[in-house]
Amino acid sequence: MGRRIAPLTLDNLGDLPTGCRSCVFWELDPVSAKEAVESGKPELEKEGWISTVLLEWGSCGRIVYVDDRPAGFVLYAPPAYVPRSQSFPTSPVSPDAVQLMVSRVLPGYQGQGLGRVLVQTAAKDLIGRGVRAIEAFGSSGREPTSCVLPADHLLAVGFKTVRPHERYPRLRLEARTTLSWRGDVEGALERLLGGGRKEPALRPF
C-alpha cells in the first residue's frame, strides 16, 4: 500500500469532498459567504481564496492519500486570511499563530489516528516557516457547529484551551510539541494500512 502527503493546490482541490470544495464558511465573512451561496458561486470563491493565499502566503493545506485515494485533509492560514474568525466570541487568534480551519478524515479511514497525522503534517510545514503555534476555534455542546472542529477532537490531538467559552473555546497547540509524536504517527499509519509490509513514513514530514 502506498501513502503520501501532497500540498493542497488548485490542481488537487477536486480531491476534497464535494461539500468541502464549495464551503466558504471560513474563507469569507458571513455576509459575503451567504451571497456566494445564493449566487451559486461558492466553488469559484473557494478557488479564488486558495489562489490568493498561495500567492501571498504560501501553502495553506495538505491532503493525505492512501493508495492514491484521498484519506483526509487539513486547511490552515494566518487569521488575516480567515475573516470568519472575527465573528467568534473568543477571537482573535494570537499574533504568533496560524489558524487551523478544517481537518477532516474521510469515511473508511477514521478511528486510526489519522487526525493526529494531519495535525503533525500542518505543524511540520509551519515550523519550517517560523510559525510558533496553531490555534483553532472549537465547538462544544450537544449540537456541533458545522465547519467548526469539535473541541473534544482538538483536545484529543494535543491542543490546549487558551480562552474558555461554553460554546466556542479557542485552543492552541505549540507547533514544536508535535516533534515528539513521530512514533505515534507512524504507528497510526501502520494501523491504517492494516499492518502490511514495512514502508517509509509519510513524506514529506
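Relevant structure appears above.
Here's what I pulled together on the structure shown here.

Calculation notes
Residues numbered from 1 in each chain as written. Predicted model: local features only at pLDDT ≥ 70, side-chain atom pairs only at ≥ 80, totals over all residues. Heavy atoms only, no water. Core = buried A, V, L, I, M, F, W, Y, C linked by side-chain atoms within 4.5 Å. Buried < 20%, exposed > 50% of the residue type's maximum accessible area, 1.4 Å probe, protein only. Helix = DSSP H or I, 4+ residues; strand = E, 2+ residues; numbered from the N terminus. Contact = heavy atoms within 4.5 Å. Polar contact = N/O pair within 3.5 Å; in protein donor to acceptor, adjacent residues only side chain to side chain. Salt bridge = Lys/Arg side-chain N within 4 Å of Asp/Glu carboxyl O. Pairing = 2+ DSSP bridges.

Brief notes about the nonpolar core
- Core analysis: the biggest nonpolar cluster contains 29 residues, and Leu 100, Tyr 109, Leu 114, Leu 154 and Phe 159 have the highest contact counts within it.
- For this core, the secondary-structure elements that each account for two or more residues are β2 (61-66), β3 (69-77), β4 (97-105), α4 (114-127), β5 (133-137) and β7 (170-174).
- With residues up to four places along the chain from it excluded, the contact list for Leu 154 reads Leu 100, Ala 136, Phe 137, Gly 138, Leu 149, Phe 159 and Leu 171.
- Listed in part, the 28 residues of the second largest apolar core include Leu 8, Phe 25, Val 53 and Ala 133.

Overview of helix α2 (residues 30-38)
- Taking the backbone nitrogen of Val 31 as reference, a side-chain oxygen 3.1 Å away marks Asp 29 as the first, capping residue of α2.
- Of the residues one or two after α2, Gly 40 is the one with positive phi, at around 75°.

Looking at the pattern of salt bridges
- For the structure shown, the criterion picks out nine salt bridges.
- Taking the shortest distance from any N to any O, the salt bridge between Arg 132 and Asp 96 comes out at 3.7 Å. On the criterion of sequence distance, the pair formed by Arg 132 in the loop between α4 and β5 and Asp 96 in the loop between β3 and β4 is long-range, its members being 36 residues apart.
- Of the charged contacts, one joins Glu 174 and Arg 172 as a salt bridge, the two residues approaching to 2.6 Å between their closest N and O atoms.
- Classification of Glu 174 as partly exposed rests on a relative accessible area of 34%.

A closer look at the side chain of Lys 46
- The topology assignment puts Lys 46 in helix α3 (residues 42-56).
- Apart from residues lying up to four places away in sequence, Lys 46 is in contact with Cys 20, Arg 21, Cys 23, Val 24, Glu 27 and Leu 75.

Structural notes on the pairing of β3
- Of all nine residues making up β3, seven are buried, and the element is well covered by its neighbours.
- Bridging between β2 and β3 involves six bridges; their strand directions are antiparallel. Within β3, the position partnered with Val 64 by the bridge is Gly 72.
- Hairpin connection of β2 to β3: two residues between the antiparallel strands, including Asp 67 at a positive phi of 55°.
- Strand direction decides the pairing type here: β3 and β4, joined by six bridges, are antiparallel. Among the inter-strand pairings, Phe 73 is bridged to a residue of β4, identified as Arg 104.

Focus: unusual backbone geometry
- Residue Ser 91 is joined to Pro 92 through a cis peptide bond whose omega torsion reads 5°.
- Here Pro 92 is to be found in the loop between β3 and β4.
- At Asp 67, a position not held by glycine, the phi torsion is positive, near 55°.
- We classify Asp 67 as partly exposed; its relative accessible area is 39%.
- Notably, Asp 68 is not glycine yet its phi reads approximately 65°, a positive angle.
- Here Asp 68 lies in the loop between β2 and β3.
- For Asp 68, a relative accessible area of 59% translates into the label exposed.

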